[in-house]
Amino acid sequence: MCGVKETQCTHCNHLQICSFKAQFLAAQKAVDEVTVSTVDRSFISLRDISWIRPVSLECSYFSGKMPVMRDVAQSATLAAERASALRFMDDPT
């Protein structure tokens with residue numbers, strides 16, 4: 001397997017405090033290394049069988065991180081209000 005494989009742990013809120021992370025990653029590694037006996041008595045890695053989707057484990061304690069989205073219109077409105085307030089403070093009349 002080439003590169004880095006992301007698991008649920010990568011996107012979980014519990015990442016820093018999880019007591020199951022090491023076991024989960026070890027279990028996923030074991031699943032990734034499963035081999036299957038073929039008709040001609042050879043072995044093939046499960047991940048190398050083209051018609052089988054990769055197996056990814058799912059943690060029952062997974063709590064996904066919520067993406068942070070910025071509302072452009074709201075940000076522009078706040079910036080305009082702040083600029084207006086600053087102009088008011090500069091004009092003593």
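1. Comments concerning the overall build of the chain
In step 1: Scanning the chain from terminus to terminus reveals 2 helices and 2 strands.
In step 2: Its helices and strands taken in sequence order, the chain reads α-β-β-α from the N to the C terminus.
In step 3: Burial statistics for the chain: of 93 residues in total, 11% are counted as buried.
In step 4: Here the contacts in the chain between residues at least 6 apart in sequence split such that 52% fall between residues at least 24 apart.

2. Regarding helix α1 (residues 21-32)
Given 3.6 residues per turn, any residue in an α-helix points the same way as the ones three and four places further on.
In step 1: For α1, spanning 12 residues, the distance from its first C-alpha to its last is 16 Å, which sits close to the expected 16 Å at 1.5 Å a residue.
In step 2: Those residues of α1 lying buried are Phe24, Gln28 and Asp32. Buried residues in α1, looked at end-on, bunch into an arc of 75°, giving them a common side. Of the exposed residues in α1, those oriented more than 90 degrees away from the buried face are Ala22, Gln23 and Lys29.
In step 3: Next to the buried residues of α1 lie β2 (43-45).

3. Details of unusual backbone geometry
In step 1: At Arg41, a residue that is not glycine, the phi angle is positive and equals roughly 65°.
In step 2: One can find Arg41 in the loop between β1 (35-37) and β2.
In step 3: Judged by its relative accessible area of 76%, Arg41 is exposed.

4. Details of the packing of aromatic side chains
In step 1: The final tally for this structure, using the stated rule, is 1 aromatic pair.
In step 2: Seen from their ring centres, Phe20 and Tyr61 are 5.3 Å apart, and the 5° between their planes marks the pair as stacked. Separated by 41 residues along the polypeptide, Phe20 in the segment before α1 and Tyr61 in the loop between β2 and α2 (72-90) bring together distant segments of the chain.

5. Structural notes on the environment of Asp40
In step 1: Checked against the element boundaries, Asp40 lands in the loop between β1 and β2.
In step 2: Among the polar contacts made by the side chain of Asp40, one reaches the side chain of Thr38 at a distance of 2.4 Å.
In step 3: Among the polar contacts made by the side chain of Asp40, one reaches the side chain of Ser42 at a distance of 2.7 Å.

Reading the values: the criteria
- Residues numbered from 1 in each chain as written.
- Predicted model: local features only at pLDDT ≥ 70, side-chain atom pairs only at ≥ 80, totals over all residues.
- Heavy atoms only, no water.
- Helix = DSSP H or I, 4+ residues; strand = E, 2+ residues; numbered from the N terminus.
- Buried < 20%, exposed > 50% of the residue type's maximum accessible area, 1.4 Å probe, protein only.
- Contact = heavy atoms within 4.5 Å.
- Expected span 1.5 Å × (residues − 1).
- Arc of directions from axis to C-beta.
- Phe/Tyr/Trp six-rings, centres within 6.5 Å; stacked < 30°, edge-to-face > 60°.
- Polar contact = N/O pair within 3.5 Å; in protein donor to acceptor, adjacent residues only side chain to side chain.

Honestly, it's all geometry; don't read function into it.
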